[in-house]
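Single-letter residue listing:
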Amino acid sequence: MISRAHLTPSISCVMPAFNEACNLGVVVPHTLAALQQLTSQAELIVVDDGSSDNTASVMETLCAAHAQLVYIQLSRNFGKEHALTAGLDRARGDTIVIMDADGQHPTSVLADMLSKWQEGADVVYAVRKSRNDQSGLQAGLVGLFYRLINWGNHIEIPAHAGDFRFMDRKVVNALKALPERNRFMKGLYAWVGFNSTAIDYEPLARVDGRTNFGLRSSFGLALTGMVAFSTAPLRLLAWLGFLMAAGALGFGSWVVLEHFIWEMAVPGYATLVVGMMFLSGIQLLSIGILAEYVGRIYEEVKQRPSYVVARRGGQGLPDPCDECPHQA
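Given the structure is predicted, the values throughout are model-derived calculations rather than measurements. (Residues numbered from 1 in each chain as written. Predicted model: local features only at pLDDT ≥ 70, side-chain atom pairs only at ≥ 80, totals over all residues. Heavy atoms only, no water.)

Details of the overall build of the protein
Step number 1: Looking only at helices and strands, the protein features eleven helices and eight strands.
Step number 2: By the burial criterion, 43% of the 328 residues in the protein qualify as buried.
Step number 3: Sequence-distant contacts in the protein: of pairs separated by 6 or more residues, those separated by 24 or more amount to 84%.
Step number 4: Accessible surface for the protein amounts to roughly 17,700 Å². Of this, 60% is attributable to carbon and sulfur atoms. (Helix = DSSP H or I, 4+ residues; strand = E, 2+ residues; numbered from the N terminus. Buried < 20%, exposed > 50% of the residue type's maximum accessible area, 1.4 Å probe, protein only. Contact = heavy atoms within 4.5 Å. Areas by Shrake-Rupley, 256 points an atom, 1.4 Å probe, with all protein chains shown as cover.)

Quick look at the structure:
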């Protein structure tokens, strides 16, 4: 790894927000203060993912008070992954850090992240020490998801590592070059590679309110990630088909032996009905799994933009292109 100990980079912080008006008034100034302790060139980009509360008015007030703040309002709720993409597209810093708007990501970790970057790491991702803020069911499902998505996958997605991470500019440029519309950012972080290191952190309590990312949203994101980065469901269907074929062959052979050797009557109606219902269920399940993959292909070929910006506000860091000399 190349040492950057002598460098103090500019930092862009991307913060997606959905109905977090009650938290932004506290989280934004606190995060900006932490960034300014690390570097004199910092910006905080808040991406409003179609909030229905008074996020817009809160951000207008904050932008007027802080020149380092940038506000991007999307035209509707596109989802956190697309809001992150919008923030990364706008970020102008040498390094980029991603944080949540609920205050659960501790700013005290930022100094350690910067230190790891200066030591040569291109990506510094934070790993949760515990999931005490989640139910036992949700924590168990998260563990099962990471085991399934990494099963037989040549790209390993780190378990319990979320979006809270510190990235070099070249990593973000690689992410921006990826054309997927159905974006699973945790998988994309792993796919682009680069020198990565992990640090542990304990998530803080939310500043106010309740999370907008519940079990249903987690399941939807997990389904997107599974279809985008794993063929495990298709591989399971292939094994299930093989086992069913082997079982049917064995059962058929047993029935033939019973009839010709022991002269036993061949089971009739009940066996046929149960077998047909079982096979019909397996076929419908298989079609449903295949439909998820085909549906994602359908979304990709339409090539619609990942997000639509309704308005922008604030100043932030200057655009590097504006500082380059114009060519004749």
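Description of the sheet that holds strand S6 (residues 161–168)
Step number 1: Reading across from one edge, S7-S5-S6-S4-S1-S2-S3-S8 is the order of the eight strands in this open sheet, with mixed pairing throughout. Of all the strands in the sheet, the pair left with one neighbour each is strand S7 (196–201) and strand S8 (309–314). The sheet shows a mean angle of 20° between the axes of neighbouring strands, taken without regard to direction.
Step number 2: Helix H1 (residues 21–38) contacts strand S1 (11–17), strand S2 (42–48), strand S3 (69–74) and strand S4 (95–98) of the sheet and is inclined by roughly 165° relative to S1.
Step number 3: Strands S4, strand S5 (123–128) and S6 of the sheet are contacted by helix H6 (residues 169–176), whose axis makes an angle of about 120° with S6. (Pairing = 2+ DSSP bridges. Axes fitted to C-alpha atoms, helices over the stretch in contact; angles between N-to-C directions.)

Details of the environment of Ala17
Step number 1: Mapped onto the fold, Ala17 is located in strand S1.
Step number 2: Between the C-alpha atoms of Ala17 and Gln73, which are 56 residues apart in sequence, the distance is 9.7 Å.
Step number 3: Not counting the four nearest positions on each side in its chain, Ala17 is found in contact with Leu24, Val46, Val47, Asp48, Asp49, Ser51 and Ala101.

Observations concerning a nonpolar patch on the surface
Step number 1: Taken together, Trp254, Val256, Leu257, Phe260 and Ile261 make up a surface patch of nonpolar side chains, about 550 Å² in accessible area.
Step number 2: By secondary structure assignment, the location of Ile261 is in helix H9 (residues 232–261).
Step number 3: The exposed category is assigned to Ile261, whose relative accessible area is 54%. (Patch = residues over 30% accessible without salt bridge, like charges linked within 9 Å, V, L, I, M, F, W, Y side chains within 5 Å. Salt bridge = Lys/Arg side-chain N within 4 Å of Asp/Glu carboxyl O.)

Describing helix H2 (residues 55–65)
Step number 1: Here H2 has its buried residues at Thr55, Ala56, Val58, Met59, Leu62 and Cys63. With its buried residues spanning 155° around the axis, H2 presents them on a single face. Relative to its buried face, H2 has exposed residues pointing more than 90 degrees away, namely Thr61, Ala64 and Ala65.
Step number 2: Elements that come into contact with the buried residues of H2 comprise H1, S2, S3 and S8. (Arc of directions from axis to C-beta.)

A look at the pattern of salt bridges
Step number 1: For the structure shown, the criterion picks out five salt bridges.
Step number 2: Note that Asp163 is salt-bridged to Lys80, the shortest N-O span being 3.2 Å. With Asp163 in strand S6 and Lys80 in helix H3 (residues 80–90), this residue pair connects regions lying 83 residues apart in the sequence.
Step number 3: The class for Asp163 is buried, based on a relative accessible area of 5%.
Step number 4: By relative accessible area, Lys80 is classed as partly exposed at 28%.
Step number 5: Two residues, Lys170 and Asp122, come together in a salt bridge whose shortest N-O distance is 3.6 Å. Residue Lys170 is located in helix H6, and its partner Asp122 is located in the loop between helix H4 (110–118) and S5; the two are separated by 48 residues in the primary sequence.
Step number 6: Of the residues examined, Lys170 reaches a relative accessible area of 39% and is grouped as partly exposed.
Step number 7: The class of Asp122 is buried, set by a relative accessible area of 3%.
Step number 8: Look at the salt bridges and you will find they share partners, linking Lys80, Asp100 and Asp163 into a network.

Re the packing of H1 against H4
Step number 1: Relative to each other, H1 and H4 sit at 35°, their axes nearing to 10 Å. Where H1 crosses over H4, the two elements pack in a sense that is right-handed. Of H4, the residues touching H1 (which contributes Ala34, Leu35 and Leu38) are Leu110, Ala111 and Leu114.
Step number 2: For the contact of H1 with H4, the per-class residue count stands at six nonpolar, no polar and no charged. (Left-handed = near helix turned anticlockwise from the far one by under 90°. Nonpolar A, V, L, I, M, F, W, Y, C, P; charged D, E, K, R; others polar.)

Some details on the packing of H6 against helix H7 (residues 185–192)
Step number 1: Where H6 contacts H7, the two axes come as close as 10 Å, and the packing angle between them is 115°. H6 and H7 meet at a crossing whose hand is right-handed. Together, Val171, Ala174 and Leu175 of H6 and Leu188, Tyr189 and Val192 of H7 make up the contact between the two elements.

What to know about the side chain of Glu20
Step number 1: Tracing the chain through its elements places Glu20 in the loop between S1 and H1.
Step number 2: Looking at Glu20, its side chain comes within polar contact range of the side chain of Asn23, at 2.5 Å. (Polar contact = N/O pair within 3.5 Å; in protein donor to acceptor, adjacent residues only side chain to side chain.)

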